Amino acid sequence: MPATPQMNDARLRRAALGDAALLAELGARTFTETFGHLYPPRDLATFLADSYSEARLIAYLSDPGAAAWVLEAGDEAIGYALVGGCDLPHPDVTPTCGELKRIYVLKAWQGGGRGSRLLQTSLAWLQERAAPGIWIGVWSENHGAQRLYLRQGFEKVGEYAFKVGETRDREFILRRDARPGGPASAPAR
Ligand SMILES: CC(C)(COP(=O)(O)OP(=O)(O)OC[C@H]1O[C@@H](n2cnc3c(N)ncnc32)[C@H](O)[C@@H]1OP(=O)(O)O)[C@@H](O)C(=O)NCCC(=O)NCCS
């Protein structure tokens, strides 16, 4: 970790199929760093083996309806975002809805505007494709991420039980209109 990470020290690039292993590893690392303490080791291992396998990332990166971006500083990947079709269990979700599926910045690099940059890039991509809405699932206790999303015009429209192994988390479902001109175009800080 550098002593004083600056916002403009990171490069953002669209991820390619060849990044599947990198994103699987970074995904497992950032999920564990953020949420690992919440779960029995067995539940965490089951979840990571399924949701963060290289095969799962290959499936996302091969899907024309999905996209991912990697944030890099020097030769280190320090964050990423993944978007695609919406899989959240809500009656208003349609096959054309988009979802911000994952957004993570390594702890050492958080709080410098990098997450907002990833979010803006993700939302711009979804905004062009997703009608009628963009969706996000977020842990009910993840107040920091919720603040970030609320600032971008998202609002809570439901909740569901998110499975991590045998554990069930209370997850909020957020939605925002995808159309430009609405709250969608509010600038990120
Ligand atoms: C959410 C996250 C990607 C934001 O990246 P970032 O570079 O810290 O974000 P920025 O510097 O652009 O913006 C800061 C905002 O992010 C949010 N945030 C900051 N730290 C956070 C944290 N540890 N967890 C969640 N959100 C956080 C807050 O809304 C913060 O604004 P505030 O200081 O006014 O409250 C990053 O904090 C992270 O990876 N958190 C852990 C993983 C996570 O919660 N992902 C979202 C899952 S739905």
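Everything discussed here concerns the structure shown above.
Residues numbered from 1 in each chain as written. Predicted model: local features only at pLDDT ≥ 70, side-chain atom pairs only at ≥ 80, totals over all residues.

**Let's talk about the pairing of strand β7 (residues 167–177)**
As a reminder of what qualifies: Should DSSP find at least two bridges between two strands, the strands are regarded as paired. Labels follow the DSSP assignment, with helices taken as runs of H or I lasting at least four residues and strands as runs of E lasting at least two, numbered in each case from the N terminus.
Two elements, strand β5 (residues 133–139) and β7, share seven bridges in a ladder whose sense is antiparallel. Of the residues in β7, the one forming a bridge with Ile136 is Leu174. Summarising the sheet, strand β6 (residues 155–164) and β7 pair through nine bridges and their orientation is antiparallel. Residue pairing across strands places Ala161 opposite Arg170, the latter belonging to β7. With antiparallel pairing between neighbouring strands as the criterion, β6 and β7 make up a hairpin whose turn holds two residues, including Gly165 at a positive phi of roughly 60°.

**As for helix α2 (residues 41–51)**
This is how it is decided: Residues with at least 20 neighbouring C-beta atoms inside 10 Å of their own are called buried, those with 12 or fewer are called exposed, and the rest are partly exposed, where every C-beta is derived from the backbone. Directions from the helix axis toward the C-beta atoms define the arc. Each residue gets a C-beta atom placed from its backbone, and two residues are in contact if those atoms lie within 7 Å.
Taken together, the buried positions of α2 are occupied by Leu44, Phe47 and Leu48. Projected down its long axis, α2 carries its buried residues within an arc of 95°, all on one side. Away from the buried face of α2 by more than 90 degrees, exposed residues Arg42 and Ala49 are located. On its buried face, α2 sits against α1 (20–35) and β6.

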